[in-house]
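Listed below are the residues making up each chain.
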Amino acid sequence: NIAGTTRDAIEDEFNINGVLFRMIDTAGIRTTEDKVEQIGIEKTYEKLRQASIVLNLKDHQNDFAIDQNHLEPHQECIDVINKIDIKTAIAKGLHISAQTNQGIDALKSALYEASGASSLNNHDLVITNQRHFESLEKTSVKLQDALNGLSQELSSDLIALSMRSALHHISEITGEISTDDLLSNIFSRFCIGK
């Protein structure tokens, strides 16, 4: 019922050393009685719950800090103090100037480190999409069921059910796969009694 204030988040993607980040810029967080501002702050908390890394951007030491109760255990929070070109910051955190780019390289390094990418082996597989991760986990379970069925010499029909289910979960990522072609290929390579 109060017009004239935007509460939308602004999103963009950028790459740091081969790692793709999606930045979401939201309304600031503070205590307020203004209804419009409260809506913006609630939307900020919604976006905050989606983040892996949270940048708590402050202009000076008195800005509102993110309540740690709003963070999940897996979320990394980096305090970033901006406008150090205007005022010397006393607060702890990464000191930057968005105006002069001072400290931006350090911020990029901190983001890269917080992503965990620096600890990965070059041959490690990284799944960045939650839906893909869940589909791959389900695929793994069904493939293990099929292997267990083979070792227990279960009926090929029962093994085929597990294989079809695994195929379904993979196709959630890759698109449609022909079940008949895949099963014919698998069963042609293994000696399975019917």
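Description of the structure in this document. Here the structure is a predicted model, which means the values were calculated and not measured.

Reading the values: the criteria
- Residues numbered from 1 in each chain as written.
- Predicted model: local features only at pLDDT ≥ 70, side-chain atom pairs only at ≥ 80, totals over all residues.
- Heavy atoms only, no water.
- Helix = DSSP H or I, 4+ residues; strand = E, 2+ residues; numbered from the N terminus.
- Buried < 20%, exposed > 50% of the residue type's maximum accessible area, 1.4 Å probe, protein only.
- Contact = heavy atoms within 4.5 Å.
- Areas by Shrake-Rupley, 256 points an atom, 1.4 Å probe, with all protein chains shown as cover.
- Polar contact = N/O pair within 3.5 Å; in protein donor to acceptor, adjacent residues only side chain to side chain.
- Phe/Tyr/Trp six-rings, centres within 6.5 Å; stacked < 30°, edge-to-face > 60°.
- Core = buried A, V, L, I, M, F, W, Y, C linked by side-chain atoms within 4.5 Å.
- Pairing = 2+ DSSP bridges.
- Expected span 1.5 Å × (residues − 1).
- Salt bridge = Lys/Arg side-chain N within 4 Å of Asp/Glu carboxyl O.

Turning next to the overall build of the chain. Scanning the chain from terminus to terminus reveals five helices and five strands. Listed by position from the N terminus, the elements making up the chain come as β-β-α-β-β-β-α-α-α-α. In the chain, buried positions account for 25% of the 194 residues. Long-range pairs, those at least 24 residues apart, make up 37% of the contacts in the chain between residues at least 6 apart in sequence. Accessible surface, the chain: about 13800 Å² in total, of which carbon and sulfur atoms supply 49%.

Of note, Ser155 is situated in the loop between helix 3 (130–151) and helix 4 (156–174). By relative accessible area, Ser155 is classed as partly exposed at 37%. At 3.2 Å, the side chain of Ser155 forms a polar contact with the backbone nitrogen of Asp157.

Moving on, we get to the packing of aromatic side chains. Taken as a whole and assessed by the stated rule, the structure comprises one aromatic pair. Seen in terms of ring centroids, Phe14 and Phe21 are 5.6 Å apart; in terms of plane orientation they differ by 15 degrees. Their pairing is stacked.

Here the focus is the nonpolar core. The tendency in soluble globular proteins is for nonpolar side chains to be buried as a group. By size, the foremost hydrophobic cluster in this structure holds 13 residues, and its most contacted members are Phe21, Ile78, Val80 and Leu94. At the level of elements, strand 2 (19–25), strand 4 (76–81) and helix 2 (104–115) are the ones that each hand at least two residues to this core. The biggest single contributor to this core is helix 2, with four residues. Excluding residues that lie within four positions of it along the chain, Ile78 makes contacts with Ile53, Val54, Leu55, Asn56, Leu94, Ala110, Leu111 and Ala114. Of all hydrophobic cores here, the second largest spans seven residues; its members include Ile29, Tyr45, Val54 and Leu71.

Spatially, three strands are ordered 3-4-5 in an open sheet, and the strand pairing comes out parallel. In this open sheet, the two edge strands, each paired with only one partner strand, are strand 3 (53–58) and strand 5 (94–95). Strand direction decides the pairing type here: strand 4 and strand 5, joined by two bridges, are parallel. Bridge pairing in strand 5 places Val80 opposite Leu94.

Given 3.6 residues to a turn, an α-helix orients residues that are three or four positions apart in the same direction. With 19 residues, helix 4 should cover 27 Å at 1.5 Å per step; its first-to-last C-alpha distance of 26 Å lies within 8% of that length. The complete set of buried residues in helix 4 reads Ser156, Ile159, Ala160, Ser162, Met163, Ala166, Leu167, His169 and Ser171. Sitting at the amino-terminal end of helix 4 is Ser155, which places a side-chain oxygen 3.2 Å from the backbone nitrogen of Asp157. Immediately beyond the C-terminal end of helix 4, within one or two residues, lies Gly175, with a positive phi of roughly 105 degrees.

Another point: the pattern of salt bridges. Under the defined criterion, the tally for this structure stands at four salt bridges. With a shortest N-O distance of 3.2 Å, Lys47 and Glu11 are connected by a salt bridge. With Lys47 in helix 1 (residues 35–50) and Glu11 in strand 1 (residues 10–16), the pair connects residues that are 36 residues apart, well separated along the chain. Residue classification places Lys47 among the partly exposed positions, given a relative accessible area of 22%. With relative accessibility at 38%, the residue Glu11 sits in the partly exposed group. With a shortest N-O distance of 3.9 Å, Asp145 and Lys142 are connected by a salt bridge. One end of the pair, Asp145, and the other, Lys142, are both in helix 3, three residues apart, so they sit about a helical turn from each other. Classification of Asp145 as partly exposed rests on a relative accessible area of 33%. Through salt bridges with shared partners, a single network forms among Glu11, Arg22 and Lys47.

Read these as geometric descriptors, not functional statements.
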